[in-house]
Amino acid sequence: MPSFQQLFYCKNCKKIVQPNDKGQCSKCESTQLKKSWSVRFRYAENGIEKQKRLTGFQTKKEAQEGYIKYVNEAKLKEPIETTEKLKFDRLFEEYKTFTKTRIKESSYYDLCSKCNIHILPYFKDTNVQDITPKILLDWQNNLGTKYSFKNKICIRTYLNAILNYAEKYYNIPNNLKKVDSFRNLEAKKEMDFWTPEEFNIFIQKVDNETYKTFFYALYYTGARKGELLATKWNDWNLNKGFLNINKSVTKKTTTGPWLITTPKNQSSIRQISLPNILVLIMKKYKIGRENYKFVFAGDRPLAETSIARVKNAACSEAKVKKIRIHDFRHSHASLLISNGASIVSVAKRLGHNDIEQTLNTYAHMMPKEDDYIINILEKTANNLGTNLGTKN
């Protein structure tokens with residue numbers, strides 16, 4: 001296990017010293033002490049135990065990052081067994097430092113949020129070496145039925161990643177691998193979406209032009225909420241009729257109320273063709289708003305709570321079923337599939353990472369094609385039978 005230590009370098013004595021109670025060099029009483037951090041750790045190379053010290057870090061955090069970088073680059077895969085106990089809260093802090101620069105900020109925010117609520121309170125003062133399969137099973141059972149299967153799997157995945165880190169860098173076995181995961185006993189939920197007729201009834205009850213245009217854009221592009229909220233006018237080519245998706249807005253950030261980030265995945269960076277009705281709506285909406293930083297709407301993106309409030313009020317007034325904002329995307333896909341669009345083109349338009357995701361989500365919406373297939377076979381067989389009859 002690495003040991004982190006704060007050092008004091010005396011410029012007068014020109015060496016590492018211990019400060020006295022007054023913060024002076026204990027030897028020359030100089031106040032010119034330069035603070036730094038070091039990390040010392042043991043590792044095995046060809047079966048031989050060795051020690052290593054890294055110095056010159058300005059902060060403890062830099063020392064932690066330096067240690068992780070050195071271990072990764074040197075490929076030290078044989079950590080020495082240690083009798084020193086590792087507290088879970090210390091492991092978690094180290095893992096956060098390790099992973100922060102490797103994932104998107106929104107993912108890091110989600111990791112910290114879920115771990116602080118569901119994992120850290122349970123294991124905080126526990127030695128990682130003492131976390132047995134039974135303790136982990138009790139933790140799983142403690143989550144109970146309060147959370148969805150999807151949410152519980154996500155929480156378990158985060159804990160598994162932390163324990164994998166301990167296994168790789170501290171040689172502490174990950175006992176979560178021995179524990180059976182959650183079983184999905186939830187009934188499959190029906191997907192909510194609006195037909196074109198339901199959307200038309202709803203949109204007539206939205207009076208505010210900004211929100212109304214935003215709902216039109218959601219329905220006719222199938223873009224994700226965050227993708228549309230992040231758009232600027234140079235993303236909308238209204239002359240050629242397409243929208244460039246290359247960024248997204250998230251509220252999962254520690255740096256402010258919202259953050260502009262990259263889209264969900266590489267396939268999400270795409271160009272969406274616009275129907276003429278949406279082009280006309282956007283051109284009208286743009287008048288007087290040409291200098292907006294964000295198309296929806298102004299110096300900052302629309303607040304998600306405000307979008308939901310306006311949507312729910314219009315649903316109640318229109319007397320249509322209330323659907324989530326994300327269900328506008330499902331409604332768009334349903335509209336395309338029910339009118340014969342191929343699953344490949346729908347996947348590309350939605351920015352899905354692979355077509356399997358689209359099939360798993362929307363296959364049940366595809367029109368029954370058995371009759372169409374049988375007609376093709378019957379026509380082929382009839383033609384073949386005719387030819388055979390002619391020959392006979």
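Residues numbered from 1 in each chain as written. Predicted model: local features only at pLDDT ≥ 70, side-chain atom pairs only at ≥ 80, totals over all residues. Heavy atoms only, no water.

Once that is clear, we can look at the overall build of the protein. Within the protein, the secondary structure is distributed over 15 helices and nine strands. Its C-alpha atoms give the protein a radius of gyration of 30 Å, clearly above 21 Å, the size a compact globule of 392 residues would have. Each of the three principal axes of the protein carries a C-alpha extent, and together these read 105 × 70 × 45 Å. Relative to its full complement of 392 residues, the protein shows a buried share of 41%. Sequence-distant contacts in the protein: of pairs separated by 6 or more residues, those separated by 24 or more amount to 62%. The protein carries 66 positive and 40 negative side-chain charges, and their two centres are separated by 5 Å. (Helix = DSSP H or I, 4+ residues; strand = E, 2+ residues; numbered from the N terminus. Rg over C-alpha atoms; globule rule 2.2 N^0.38 Å. Buried < 20%, exposed > 50% of the residue type's maximum accessible area, 1.4 Å probe, protein only. Contact = heavy atoms within 4.5 Å. Lys, Arg positive; Asp, Glu negative; His and termini not counted. Charge placed at Lys NZ, Arg CZ, Asp CG, Glu CD.)

Right, let's talk about the packing of aromatic side chains for a bit. To describe a pair of aromatic rings, one takes the distance between the centres and the angle between the planes. Under the defined criterion, the tally for this structure stands at 28 aromatic pairs. Each ring, one from Tyr 165 and one from Tyr 169, has its centre 4.7 Å from the other, and the planes form 50°; the classification is tilted. Highlighted residues: Tyr 165 and Tyr 169, both in helix H6 (residues 149-170), separated by four residues, approximately one helical turn. Each member of the pair, Tyr 165 as well as Tyr 169, carries the same accessibility label: buried. Look at Phe 214 and Phe 296: their rings are 5.3 Å apart centre to centre, the planes differ by 70°, and that puts the pair in the edge-to-face class. Remark: Phe 296 occurs in the loop between helix H10 (276-286) and helix H11 (304-318) and Phe 214 occurs in helix H8 (residues 209-221); sequence separation between them is 82 residues. Owing to a relative accessible area of 0%, Phe 296 belongs among the buried residues under this scheme. Lying across the ring of Phe 98, Arg 102 places its NZ or CZ 4.0 Å from the centre. The ring of Phe 294 has Lys 232 lying over it, and the distance from NZ or CZ to the ring centre is 5.5 Å. (Phe/Tyr/Trp six-rings, centres within 6.5 Å; stacked < 30°, edge-to-face > 60°. Lys NZ or Arg CZ within 6 Å of the ring centre and 35° of its normal.)

Moving on, we get to the pattern of salt bridges. Counted by the stated rule, this structure contains 14 salt bridges. A salt bridge links Asp 138 to Lys 134; its shortest N-O distance comes to 2.7 Å. Of the two residues, Asp 138 and Lys 134 both sit in helix H5 (residues 133-143), four residues apart, roughly one turn of that helix. The partly exposed category is assigned to Asp 138, whose relative accessible area is 30%. By relative accessible area, which is 52% here, Lys 134 ends up exposed. A salt bridge links Arg 324 to Asp 327; the nearest nitrogen and oxygen atoms lie 2.9 Å apart. One salt-bridge network, held together by shared partners, links Asp 110, Lys 114 and Lys 252. (Salt bridge = Lys/Arg side-chain N within 4 Å of Asp/Glu carboxyl O.)

With that settled, consider helix H3 (residues 105-118). With 14 residues, H3 extends 20 Å from end C-alpha to end C-alpha; this agrees with the ideal 20 Å at 1.5 Å per step. For H3, the full list of buried residues reads Ser 106, Tyr 108, Asp 110, Leu 111, Cys 112, Lys 114, Cys 115 and His 118. Looking at the packing, one finds that the buried side of H3 touches helix H2 (88-100), helix H4 (120-123), H5, H6 and strand E7 (248-250). (Expected span 1.5 Å × (residues − 1).)

Secondary-structure assignment places Thr 231 in the loop between helix H9 (225-229) and strand E5 (236-237). Only 2.7 Å separates the side chain of Thr 231 from the backbone oxygen of Leu 228, close enough to count as a polar contact. Looking at Thr 231, its side chain comes within polar contact range of the side chain of Trp 236, at 3.2 Å. Apart from the residues within four sequence positions on either side, Thr 231 is in contact with Trp 236, Leu 243, Ile 245, Phe 294, Val 295 and Phe 296. (Polar contact = N/O pair within 3.5 Å; in protein donor to acceptor, adjacent residues only side chain to side chain.)

This next bit is on the nonpolar core. For soluble globular proteins, the rule of thumb is that nonpolar side chains tend to be buried together. In this structure, Phe 88, Leu 91, Ile 119 and Leu 159 are the most contacted members of the largest nonpolar core, which totals 42 residues. Elements with a contribution of two residues or more to this core: strand E3 (33-45), strand E4 (48-57), helix H1 (60-74), H2, H3, H4, H5 and H6. The leading source of residues in this core is H6, at nine residues. Listed in part, the 41 residues of the second largest apolar core include Ile 203, Ala 223, Met 282 and Ile 307. (Core = buried A, V, L, I, M, F, W, Y, C linked by side-chain atoms within 4.5 Å.)

Our focus in this paragraph is the sheet that holds strand E6 (residues 242-245). Strand order in the open sheet formed by three strands is E5-E6-E9, and the pairing between neighbours is antiparallel. Of all the strands in the sheet, just E5 and strand E9 (270-273) have a single pairing partner and so form its edges. Pairing of E5 with E6, which is carried by two bridges, proceeds in the antiparallel orientation. Considered in E6, the bridge of Trp 236 is made with Leu 243. (Pairing = 2+ DSSP bridges.)

Looking now at the confidence of the model for the protein. The share of residues in the protein with pLDDT of 70 or more is 90%, and the mean pLDDT across the chain is 86. Counting contacts from residues 77-83, a segment whose pLDDT is below 50, to residues more than four positions away or on other chains yields 15 contacts. (pLDDT = per-residue confidence, 0-100.)

In this section: unusual backbone geometry. The omega angle of the peptide bond from Phe 296 to Ala 297 is 0°, so this bond is cis rather than trans. Position of Ala 297 among the secondary structure elements: in the loop between H10 and H11. A positive phi angle, close to 60°, is found at Asn 171, a residue other than glycine. With respect to the helices, strands and loops of the structure, Asn 171 is situated in the loop between H6 and helix H7 (196-203). One non-glycine residue with positive phi stands out, namely Lys 319, at about 60°.

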